[in-house]
Amino acid sequence: MKKAILLVNVGTPDSLDIRDIRKYLSLFLNDPHVMNIPWLWRKILVNGIIVPFRASGSAAKYRQLWTENGSPLRLHLENIRDKLQERLGDQADIWIAMNYSEPYLPHVMQRMQEQGYREIVVIPLFPQYAVSTTGSVEDNIMKYITQWPVQPKLTIVRQFYDHPVFLDAWTDRIAAYCPEQYEHVVFSFHGLPLSHLPLPCRKEQIPCGCSQLPEAMDVYAKPNRCYRWACYDMACKLAGRLGLKDDQYTVAFQSRISSHWMRPFTDHVLKKLASKSAKVLVVAPSFVADCLETSVELDIEYKELFLERGGSAYTLVDSLNDEPKWIETLVMLSEKNIKTN
């Protein structure tokens, strides 16, 4: 039986051409999983206001991270595919897809159908489950695959933030930056609108500290259903491995569009730390590859903000990209689910 592993990420503009920027933003923001407002209002807001006014600004940001070979996010995804294929050999074919850009998920699914796969393991490359990321991929996969004449066995990995080897990969990456030389570590996760969270998870802040998390579990529902919980849990696990005390790190959330998003906001946390002339190390554990949110938002915009407000030193830890233990995590997730099927 032919088997396949499908790795899926969000997407990236196909080029720096303003038309490609607009196309990407339109596909992304018109997804009801991303903007969960009534269809007509979403069309008016996205196509009539956000995309026309935001495209040029987004293009300027993408120019700051673009390489001569194109988007770093796509390059990292291709590298991961090649290394994972090398490790798995003939156990399964490795495919890659993007939800909002090429290689576009519907096109990839069509080609996979033509290949006649009977077992498919889908790994959305988002460590913590969220409806706007993994949830969107899940729904799109089911929409396309239910149209196949012959249904394959399908497994979707919903989250993997607490996989031991994945945590090892991040621990090694952070340790290489000597966190003991910094006064504070900020774990910055991608934020979500509060409306994307289950009701018990919409409170502003879970008590931050490994010893306090179990006491908060009943309040914040099941861990695998609460994005906020998963972020705090991952940060606490990493802090424990790195020997950080509760007052030596903070969990924060970036990339907000409005004030009705998860708090505390990363830029607000950095402003407070800057006022104390602190040296900070910033980690972005919800991103497995460097992208606009890490290379520009965190490493340029927030760094400038921090230093302008009086901070003494600011360092961003690189994402895992194609780090060997990250590849090993994908190998283990793939082999486990292939054998389960």
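Read on for a plain summary of the structure. (Residues numbered from 1 in each chain as written. Predicted model: local features only at pLDDT ≥ 70, side-chain atom pairs only at ≥ 80, totals over all residues. Heavy atoms only, no water.)

Our next topic: the overall build of the protein. Helix and strand content of the protein: 11 helices and eight strands. For the protein, buried positions account for 53% of its 341 residues. Long-range pairs, those at least 24 residues apart, make up 76% of the contacts in the protein with a sequence separation of at least 6. For the protein, the exposed area adds up to about 15,300 Å²; of that, 52% sits on carbon and sulfur atoms. Computed over 39 positive and 39 negative side-chain charges, the inter-centroid distance for the protein is 6 Å. (Helix = DSSP H or I, 4+ residues; strand = E, 2+ residues; numbered from the N terminus. Buried < 20%, exposed > 50% of the residue type's maximum accessible area, 1.4 Å probe, protein only. Contact = heavy atoms within 4.5 Å. Areas by Shrake-Rupley, 256 points an atom, 1.4 Å probe, with all protein chains shown as cover. Lys, Arg positive; Asp, Glu negative; His and termini not counted. Charge placed at Lys NZ, Arg CZ, Asp CG, Glu CD.)

Looking now at the pattern of salt bridges. Counted under the stated rule, the structure contains 12 salt bridges. The shortest N-O distance in the salt bridge between R74 and D14 comes to 3.0 Å. With R74 in helix α3 (residues 72-88) and D14 in the loop between β1 (3-9) and α1 (18-29), the pair connects residues that are 60 residues apart, well separated along the chain. According to the relative accessible area criterion, R74 is buried, its value standing at 15%. The exposure class of D14 is partly exposed, given its relative accessible area of 30%. Taking the shortest distance from any N to any O, the salt bridge between R241 and D168 comes out at 2.3 Å. Separated by 73 residues along the polypeptide, R241 in helix α8 (residues 227-242) and D168 in helix α6 (residues 164-175) bring together distant segments of the chain. Judged by its relative accessible area of 39%, R241 falls in the partly exposed class. Among the residues examined, D168 registers a relative accessible area of 26% and is labelled partly exposed. (Salt bridge = Lys/Arg side-chain N within 4 Å of Asp/Glu carboxyl O.)

Here we come to the sheet that holds strand β8 (residues 313-316). Spatially, four strands are ordered β6-β5-β7-β8 in an open sheet, and the strand pairing comes out parallel. If you trace the sheet from one side to the other, it starts and ends with β6 (249-254) and β8, each paired once. Taking each pair of neighbouring strands and ignoring which way they run, the sheet shows an average axis angle of 25 degrees. Each of β5 (184-190) and β6 touches α8; the most contacted strand, β6, lies at about 145 degrees to it. (Pairing = 2+ DSSP bridges. Axes fitted to C-alpha atoms, helices over the stretch in contact; angles between N-to-C directions.)

It is worth spelling out the state of the cysteines at this point. This model, assessed by the stated rule, comprises zero disulfides. Of the cysteine sulfurs around C291, a residue in no disulfide, the closest is that of C231, at 15 Å. C291 gets classed as buried once you look at its relative accessible area, which sits at 11%. (Disulfide = S-S within 2.5 Å.)

Position of E114 relative to the elements: it lies in helix α4 (residues 105-115). The spacing of E114 and W148 is 34 residues in sequence and 9.7 Å in space, taken between C-alpha atoms.

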